[in-house]
Amino acid sequence: MPTATGYTLTATTTAPFGEAVERVRAELKQEGFGVLCEIDVQATLRAKLGVESDRYIILGACNPPLAHRALQAEPDLGVLLPCNVVVYERDGKTQISAVDAERMLSIVGSDELAETAAEVRRRLSAVVERATAS
């Protein structure tokens, strides 16, 4: 079960980084999310700053029906989309974290978004849990 932090749903796996990324992709697809963008933070920091860092990837995920529902309720919500899921290495382990949509969308202050936010949270929690399962 993922741990909820102040703004993420997170868990650790012993799976190698590449395998963890593929698991996350598969689980996102299973939950109806597509990956709209991918940012290789390690490569970007190397290219832009000349620094070496641990492997770190950001997957910008979107579930079109849920995004549509949320944008109908709150058009400016696009500034908080897509839902990011990160996979990174720390201390020999692979960490997977997803944004906690309920926490994030609570800043909007819209009761109309509560149900959608809860559903996104549930689905992303399932992604993190299954992607980190042994």
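Details of the structure are given in the entry above.
Notes on the structure follow. Because the structure is a prediction, the values reported are computed rather than measured.

### Overview of the nonpolar core
Next up, step 1: Of all hydrophobic cores here, the largest spans 24 residues; its most connected members are Val24, Leu28, Val85, Val87, Ile96, Val120 and Leu124.
Next up, step 2: Elements with a contribution of two residues or more to this core: strand S2 (8-13), helix H1 (17-30), strand S4 (56-62), strand S5 (83-90), strand S6 (93-99) and helix H5 (114-132).
Next up, step 3: If near-sequence neighbours (up to four positions away) are discounted, Val24 is found in contact with Leu59, Val85, Val87, Ile96, Val127 and Ala131.
Next up, step 4: Within the second largest apolar cluster, 6 residues are counted, among which are Ala70, Leu77, Leu105 and Leu113.

### What to know about empty space enclosed by the protein
Next up, step 1: Per the counting criterion, the structure on display carries 1 cavity of 30 Å³ or more.
Next up, step 2: A volume near 130 Å³ is recorded for the largest cavity.
Next up, step 3: Counting residues per element, the ones that place at least two in the lining of the largest cavity are S4, helix H3 (64-73), helix H4 (101-106) and H5.
Next up, step 4: Here the residues of the lining of the largest cavity sort into 13 nonpolar, 2 polar and no charged.

### Considerations on the pairing of S5
Next up, step 1: Direction of pairing for S4 relative to S5: antiparallel, over a ladder of 6 bridges. Bridge pairing links Ala61 to Cys83 in S5.
Next up, step 2: When S5 meets S6, the two strands line up antiparallel, connected through 6 bridges. Within S6, the position partnered with Glu89 by the bridge is Thr94.
Next up, step 3: Once S5 ends, the chain turns through 2 residues before running back antiparallel as S6, passing Asp91 with a positive phi of about 50 degrees.

### Observations concerning the environment of Thr94
Next up, step 1: Mapped onto the elements, Thr94 comes out in strand S6.
Next up, step 2: Placed 36 residues apart in sequence, Thr94 and Ile58 show a C-alpha to C-alpha distance of 13 Å.
Next up, step 3: Within the structure, the side chain of Thr94 is placed 2.8 Å from the backbone oxygen of Ala15, a separation counted as a polar contact.

About the criteria used
- Residues numbered from 1 in each chain as written.
- Predicted model: local features only at pLDDT ≥ 70, side-chain atom pairs only at ≥ 80, totals over all residues.
- Heavy atoms only, no water.
- Core = buried A, V, L, I, M, F, W, Y, C linked by side-chain atoms within 4.5 Å.
- Buried < 20%, exposed > 50% of the residue type's maximum accessible area, 1.4 Å probe, protein only.
- Helix = DSSP H or I, 4+ residues; strand = E, 2+ residues; numbered from the N terminus.
- Contact = heavy atoms within 4.5 Å.
- 1 Å grid on protein atoms, 1.4 Å probe; cavity = no way out; pocket = protein on both sides within 12 Å on 5 of 7 lines; lining within 4 Å.
- Points joined across faces, edges and corners; volume = space filled by probe spheres on them.
- Nonpolar A, V, L, I, M, F, W, Y, C, P; charged D, E, K, R; others polar.
- Pairing = 2+ DSSP bridges.
- Polar contact = N/O pair within 3.5 Å; in protein donor to acceptor, adjacent residues only side chain to side chain.

Note that all results are geometric; they support no functional claim without further evidence.
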